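# Structure assessment
Each chain is listed here by its residues.
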Amino acid sequence: MLGGAGRFTSEVFLEAVENGAYEFYLRPDSSIPIVYIVDAIKSFLLIHDAPEENLTRRSYNIHARGVTPEQLEAVVKARLPHVKITYKPEPVQTAMVDSWPHSLNDCHAREDWGWQETYDLQRMADEVIATLQKQKESTDA
């Protein structure tokens, strides 16, 4: 298992491919903002390459989307219909996740150095699942 209250955004894909099941510890409608790792790396490169005169602050937020367990279940099951998804909300972690913002204001990153996410939830799910399936096939062989 991965650490952290937001781990479900990664774990659901890993467990779906590895074990064919995942149990969310949150309500289906709990939401957190996420950025796919490829987009996060892209943001580092964009800010690194931005002209210094464009940078209006010392730190920036980036945001791609808010995601819920229910949305993750839908994208996983669209690709892996056999996967069993269940919910067993854990009160402390649910309260923690529900206290987080549903989105982050990244207007300065967009204005100052052209931040724009590349991956929507569908594309991210396609890439993550395909990568995990290849890794599983190579370890199972």
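Heads up: the structure comes first, above all this text.
Think of each chain on its own: its residues are numbered from 1, step by step along the sequence as written. For a predicted model such as this one, the threshold for reporting local features is a pLDDT of at least 70, and the threshold for listing and counting side-chain atom pairs is 80 or more; totals across whole chains, interfaces and linings nevertheless cover every residue. Hydrogens are left out, water is left out, and the side-chain values use all remaining heavy atoms of the structure.

### Let's talk about the pattern of salt bridges
Rules: Here a salt bridge means any side-chain nitrogen of Lys or Arg lying within 4 Å of a carboxyl oxygen belonging to Asp or Glu. Summary of the burial criterion: residues with accessible area below 20% of their type's maximum are buried, those above 50% are exposed, and those between are partly exposed, where the area comes from a 1.4 Å probe applied to protein chains only.
Under the counting rule described, the total for this entry stands at 7 salt bridges. Between arginine 110 and aspartate 106 there is a salt bridge, and its shortest N-O distance comes to 2.8 Å. Under the relative-accessibility criterion, arginine 110 is labelled partly exposed at 28%. Here the salt bridges share partners, and the residues they tie into one network are Arg27, Asp29 and Asp98.

### A closer look at the nonpolar core
Cut-off, in case you're wondering: We define a nonpolar core as any set of buried Ala, Val, Leu, Ile, Met, Phe, Trp, Tyr and Cys residues linked to one another through side-chain atoms lying within 4.5 Å. The secondary structure listing takes helices from DSSP runs of H or I that are at least 4 residues long and strands from runs of E that are at least 2 residues long, numbered from the N terminus. Residues count as neighbours in contact if any of their non-hydrogen atoms are within 4.5 Å of one another.
Core analysis: the biggest nonpolar cluster contains 27 residues, and Phe8, Val12, Phe13, Leu72 and Met124 have the highest contact counts within it. Looking at this core, the elements with two or more residues in it are helix H1 (8–19), strand S1 (21–24), strand S2 (32–34), helix H3 (69–79) and helix H6 (121–140). Among the elements that take part in this core, H6 stands out by supplying 6 residues, more than any other. Once you skip the residues sitting within four places of it in the chain, methionine 124 turns out to touch Phe13, Ile34, Tyr36 and Tyr119.

Function cannot be read off these values alone, since they describe shape.
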